[in-house]
Amino acid sequence: MNKKTLAIFDLTDCEGCEVELFSLRKSADWKIINKYFNIINWRLADEKAENLNFDVALIEGSPASKKEIAFLKKIRAKSKILIAFGACACIGGIPAMIDEHKKEALLAYVYGKNYRSEFISAKPLSHYIAIDYQLSGCPVNPKEVKQILLDIAHDKPLKEKSYSVCFECKARHNDCLFIHGKPCLGPVTKAGCGAICPAKGLRCYGCWGQVADANVLGMIIALKKQGHTKKQIRKIMDIFWKQSDGYEKYLKELIKIKIKLY
Amino acid sequence: MDVLHHYIAKIEGHGKLEINFKKNKINLIIDEGERLIEGILLNRPYYDAPFVTSRICGVCPIAHNLASLSALENALKIEISPLTKKLRRLMICAQIIQSHTLHLYFLALSDYFKSDSTLSLAESHPELFSEALKLKQFSDHLADAVAGRNVHPIATAVGGFLSIPNKKILQSLYNQCHEMSAIAQKTIKLFASFSYPKLSNPTIYLSLSANRNYAMISDKVESSTGETFHIKNYTKNIIETVRNDSPSKYSQYKNNNFLVGALARVSLKSNRLMPQASKIHKTNQDKLGAFPAYNSFHNNYAQSVEILHFIEEAQSILEKLIDDKKYIFKPAEPIKLKACEGRGVIEAPRGLLYHYYELDKSGNIKNCNIITPTAQSLNNLEQDAQILLDNIADLSQKEKIRLLEMLIRAYDPCITCSVH
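Asks: Can you explain the nonpolar core? Please cite residues and give values.
Replies: Within the largest apolar cluster, 192 residues are counted, with the highest numbers of intra-cluster contacts made by Met237 and Phe240 of chain A together with Leu90, Tyr105, Leu109, Phe297 and Tyr357 of chain B. The dominant element in this core, judged by the number of residues it contributes, is helix 4 (residues 82-112) of chain B, at 15 residues. Leave out the neighbours within four places in its chain, and Phe297 of chain B touches Tyr112, Tyr196, Pro197, Leu199, Leu388, Leu403, Met406, Leu407 and Ala410 of chain B. Residues Leu21, Leu24, Leu135 and Ala153 of chain A belong to the second largest nonpolar core, which totals 23 residues.

Asks: I'd like to hear about the packing of aromatic side chains, residue by residue, with values.
Replies: Residue and element names in this part refer to chain B. The full count for this structure, using the stated rule, is 22 aromatic pairs over all chains. The interplanar angle of 15° and the centroid separation of 4.5 Å between the aromatic rings of Tyr234 and Tyr354 together place this pair among those described as stacked. Here Tyr234 is found in helix 8 (residues 234-237), whereas its partner Tyr354 is found in strand 13 (residues 351-359), with 120 residues between them in sequence. Accessibility assignment for this pair places Tyr234 and Tyr354 in one class, buried. Positioned above the aromatic ring of Phe51 is the side chain of Arg55, whose terminal nitrogen or guanidinium carbon lies 3.9 Å from the ring centre. When the ring centre of Tyr214 is taken as origin, the NZ or CZ atom of Lys269, which lies over that ring, is 5.2 Å away.

Asks: Go over the sheet that holds strand 1 (residues 3-7) of chain B, please, and point to the residues and values.
Replies: Residues and elements named next belong to chain B. The antiparallel open sheet is built from three strands, whose spatial order is 1-2-3. Only two strands of the sheet have a single partner each, and these edge strands are strand 1 and strand 3 (25-30). Across the sheet, the mean angle separating the axes of adjacent strands is 20° when strand polarity is ignored. Helix 13 (residues 397-411) rests against strand 1, strand 2 (15-20) and strand 3 of the sheet, and its axis sits at about 140° to strand 2.

Asks: How would you explain helix 12 (residues 373-391) of chain B if you had to name every residue and give the values?
Replies: Since the α-helix packs 3.6 residues into each turn, any two residues three or four apart lie on the same face. With 19 residues, helix 12 of chain B should reach 27 Å at 1.5 Å per residue; the first-to-last C-alpha distance of 27 Å fits that figure. At Asn379 of chain B, helix 12 of chain B shows its maximal bend, which comes to roughly 35°.

Asks: An account of the interface of chain B and chain A is needed here, citing residue identities and associated values.
Replies: The interface is formed by 67 residues belonging to chain B together with 51 residues belonging to chain A. Summed over both sides, the interface between chain B and chain A buries roughly 5200 Å², with carbon and sulfur atoms accounting for 61% of that surface. Ranking the residues of chain B by area buried against chain A places Glu34, Leu36 and Phe51 of chain B at the top, with a combined share of 12%. There are one salt bridge connecting chain B and chain A. One salt bridge in this structure joins Arg44 of chain B and Asp238 of chain A, with 3.0 Å as the shortest N-O distance. Mapped onto the side of chain B that touches chain A, the elements with two or more residues apiece are helix 1 (37-40), helix 2 (48-54), helix 4, helix 5 (118-124), helix 6 (126-147), strand 14 (365-371), helix 13 and helix 14 (415-419) of chain B. With seven residues, the single largest contributor to the side of chain B that touches chain A is helix 6 of chain B.

Asks: Please provide a residue-by-residue account of the confidence of the model for chain A, values included.
Replies: Per-chain confidence: chain A averages 89 in pLDDT, with 93% of residues scoring 70 or above. The low-confidence segment residues 44-48 of chain A (pLDDT under 50) makes 21 contacts with residues lying over four places distant or belonging to another chain.

Asks: Break down the pattern of salt bridges for me, citing the residues and quoting the values.
Replies: Applying the stated criterion across every chain yields a total of 33 salt bridges over all chains. Across the pair Lys254 of chain B and Glu227 of chain B runs a salt bridge, and its minimum N-O distance is 3.4 Å. You can see Lys254 of chain B sitting in the loop between strand 10 (249-253) and strand 11 (258-259) and its partner Glu227 of chain B sitting in the loop between strand 7 (220-223) and strand 8 (228-230), a full 27 residues away along the chain. Looking at Glu227 of chain B, the relative accessible area reads 30%, which means it is partly exposed. The network of salt bridges with common partners includes Asp99, Lys102, Asp238 and Lys242 of chain A together with Arg44 and Asp48 of chain B.

Rules of the game
Residues numbered from 1 in each chain as written. Chains lettered and ligands numbered in written order. Predicted model: local features only at pLDDT ≥ 70, side-chain atom pairs only at ≥ 80, totals over all residues. Heavy atoms only, no water. Core = buried A, V, L, I, M, F, W, Y, C linked by side-chain atoms within 4.5 Å. Buried < 20%, exposed > 50% of the residue type's maximum accessible area, 1.4 Å probe, protein only. Helix = DSSP H or I, 4+ residues; strand = E, 2+ residues; numbered from the N terminus. Contact = heavy atoms within 4.5 Å. Phe/Tyr/Trp six-rings, centres within 6.5 Å; stacked < 30°, edge-to-face > 60°. Lys NZ or Arg CZ within 6 Å of the ring centre and 35° of its normal. Pairing = 2+ DSSP bridges. Axes fitted to C-alpha atoms, helices over the stretch in contact; angles between N-to-C directions. Expected span 1.5 Å × (residues − 1). Bend = angle between axes of the 7 residues up to and from the residue. Buried area = accessible area lost by both parts, 1.4 Å probe. Salt bridge = Lys/Arg side-chain N within 4 Å of Asp/Glu carboxyl O. pLDDT = per-residue confidence, 0-100.

Structure below.
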């Protein structure tokens, strides 16, 4: 059997998703992954970047410089399947929460006013290149990673999960945090985490990104009914969704339909 | 070639060595974008800080989470329960074992075998790596059980926990401690057996101080020069400077370079190590010569000693929790908000980690400051690298690069944290 080549790269990020990938190593899963894949470039563990073509490339983080964008494009051209690996690559993640118009002021706040940045702000990989699949999460779920790699190994089509965290949460028999007054984003967030946060008592922050056809307006209305102001709703949603479509537009719409609802 | 730019592999984050062979000068280039985490947190509610700051680093997220929680609890004058203290201490044990094991076996070890890749070393020494993975897995399970996940904690909250592990899980972790301790002892033996490159730089070591135990959360910092300072004065003692060509900041303590982390801790607190770690460390000192001899390569040995220490500590805490008849979950008390400010410092795997928050009366963050361990040790690292380069002036360029890269890895720097 010809093994598929799997390349792993990381750009600017916290490297937590790579740590999760590493955590697969002790398990029997790793033996299975190794049976199908030849891992040829893992920067954390291996020094030499080989100049080859890749069947699969996992890219973690977001590019922070023009050089990294060029690198990203090169990897895209060399990869049959390119996977955005983790929230930073998929949706921009925590660093993308920044307000672009405040960036100058925040740079001065952190570094003083004489400091000049040579770096660009975090954006999802899809801002620069076409991606074939999103392995979402902050951090990714090792079980989901394994499943997708095995699907690729067997040439199965890759499908994004079409249901929300709520489904996984119900299946775990968790108490509903939203009903208990927590601004949980489970109803509109893509599944895949196994509802790990609500199971431990933490409301969903939306790190898997919005599920396809998410009823974001409905979510905003529900949060408003829960007693959150528009400003608070924006803060709840922009931790992971700042670069995602939707909620800003709906927050504006909410003004129009305010009278009808309340 | 007069000036060489060399990409440093096998460290957390991205950095490059710039070596001017003609002038024998070295420069460490920090190659990561600013994420402006302190700026991002402004005007956000206080409870987002532990969640967001753990994302500064995927290798030491627990450390950031706990530093953030203790700073907020300090600001809001919240006393945490003895149970919360014990569980957080377990999280620190998990964090240190995770991070040190990952670094020692999967990043640093190949340097000492003069192997150019961890993967080929893993193939030639399968039993060694199988045991290392057992250690890693144990620490992951410990973090999973208490923090809710091995990376980026879920179950922690300002004032306590959102949920706590059941005793069955604690018991199964306790049952593994004996085997883990045996692996950790072998790890120390391995790292005590290496002949470390010669390097001497009489610098200052800083670590947390407490009367009795091996302090990991405290409000007092002690130095190898015999001084102490309270964390409310940390910005007066740890002075950060900005260089216009680097996204990381650089620290000094009273105009001196200094070192934090495993080597500083083991050097300053060797008399407070747990029994087995202490015993083995004493025996090794005869072999290693005067420890630490201000040789930063010894940091890897110190990390191996700490792995055993924290397994012993985890075992002792787990035992207490299992025997505790009052082990029940109590949610944290409701929080009374007011305009306030507070500081927290903890020992992260790579050393002292400071968090500071100022809150307005609604609990929104008005000011924030984070000083990471790597940002504190960078000046010292550059100084060490220059001393090493001067010492090895006769060697080939290739050998110089090898030794310099090895020194940087011995520091276990986290460029990701240093920039944040």
